[in-house]
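Per-entry structural report
Here's the letter readout for the chains.
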Amino acid sequence: MNYSRVRIETPRLILRPFTPEDADSWFAIMRDPLVMQYWGHGPWLDISQAREAIADDIEAMETGEYLKLAICEKSQAECLGMCIFFHHHYGSQRGAIGYCLAPEAQGRGYMTEALRYFFTFLHQRMSLRRLEADIHPDNLASARVLERLGFQREGLMKERWCVDGVISDSVLFGLLLNKPSWSP
Ligand SMILES: CC(C)(COP(=O)(O)OP(=O)(O)OC[C@H]1O[C@@H](n2cnc3c(N)ncnc32)[C@H](O)[C@@H]1OP(=O)(O)O)[C@@H](O)C(=O)NCCC(=O)NCCS
């Protein structure tokens, strides 16, 4: 499936594919140590990492490897964050999600709003049945977003990550899109 034309509108936001013009704003987010505190790799150090990642994203969106959308305010072209759907297991109608927001965009409910519409798209247009997220046990802001959207804690995965030599556990969250715990 080619995802390169996916565009999702919410009351305040536009979710759309990354373009090469996003390199500066995306680098500013991915170089921020606070945003990257619980991420699967350390903060980026050079703008070339943003350019290369966006080139990879454009290709992956065309081949359907994953669906990754930049989050923007309706009135601004600049990217404020992203949400991603990956590890799509077609037979089981499930996959994993990830997301982040620039610090100045946090605390306004943008991620809850973006994910509500993103999940509706995944459920209604891609027939997804189950979504998974694994997060660092100390990432309380992320856990709050997931629980607000109906995700349930399903378990603790011991020593799942090793980032820059630091080993950490991961909490597994799951959401069943066909069950009453999810309502768009
Ligand atoms: C996880 C992350 C996206 C959460 O961001 P956030 O701003 O807390 O989440 P939301 O955009 O949904 O905003 C929710 C907050 O805004 C407040 N808010 C303000 N207006 C709101 C509105 N209209 N609707 C909903 N919430 C609103 C809520 O009260 C809530 O605050 P609270 O959690 O203290 O109660 C952010 O912390 C982040 O990017 N972290 C770094 C990257 C990361 O760790 N990603 C997850 C990896 S698993």
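Notes on the structure follow. Quantities reported herein were computed from a predicted structural model and do not represent experimental measurements.

1. Points about unusual backbone geometry
In the Ramachandran plot, Ser127 falls in the positive-phi region, its phi being about 60° despite a non-glycine side chain. Here Ser127 lies in the loop between helix H3 (110-124) and strand S6 (130-135). Positioned with a positive phi, Asp164 is a non-glycine residue whose angle comes to about 50°. By relative accessible area, Asp164 is classed as exposed at 68%.

2. Quick word on the side chain of Thr10
Along the chain, Thr10 falls in the loop between strand S1 (8-9) and strand S2 (13-17). The class for Thr10 is buried, based on a relative accessible area of 3%. Residues within four places of Thr10 in sequence aside, it is in contact with Leu15, Lys74, Glu113, Ala114 and Tyr117.

3. So, the sheet that holds S2
One open sheet holds the eight strands; their spatial order is S1-S2-S3-S4-S5-S6-S8-S7, and the pairing between them is mixed. On the outer flanks of this sheet lie S1 and strand S7 (152-163), each paired with one strand and no other. In this structure, S7 lies alongside strand S8 (residues 166-176), joined through eight bridges in antiparallel fashion. Residue pairing across strands places Arg153 opposite Phe173, the latter belonging to S8. Packing of helix H4 (residues 140-148) onto the sheet brings it into contact with strand S5 (94-101), S6, S7 and S8, and relative to S6 it is tilted by some 165°.

4. With respect to the pairing of S8
Pairing between S6 and S8: six bridges, direction antiparallel. For Ala133, the partnering residue across the bridge sits in S8 and is Phe173. Joining the antiparallel neighbours S7 and S8 is a turn of two residues, in which Asp164 adopts a positive phi near 50°.

About the criteria used
Along each chain, residues carry numbers from 1 onward, in the same order as the chain's sequence is written. Note on the predicted model: pLDDT of at least 70 is required for a residue's local features to be given, and 80 or more for side-chain atom pairs to be given and counted; whole-chain, interface and lining totals, by contrast, use all residues. With hydrogens and water excluded, all non-hydrogen atoms of the structure serve as input to the side-chain values. Working definition: helices are DSSP H or I runs of at least four residues, strands are E runs of at least two. Numbering for both runs from the N terminus. Categorising residues by exposure relies on relative accessible area from a 1.4 Å probe, with only protein chains included: less than 20% of the type maximum marks a residue as buried, more than 50% marks it as exposed, and the intermediate range marks it as partly exposed. Two residues form a contact once any of their heavy atoms are found within 4.5 Å. Note: two strands are recorded as paired if DSSP finds a minimum of 2 bridges between them. Lines fitted to C-alpha atoms define the axes, with helix axes restricted to the stretch in contact, and inter-axis angles between N-to-C directions lie between 0 and 180 degrees.

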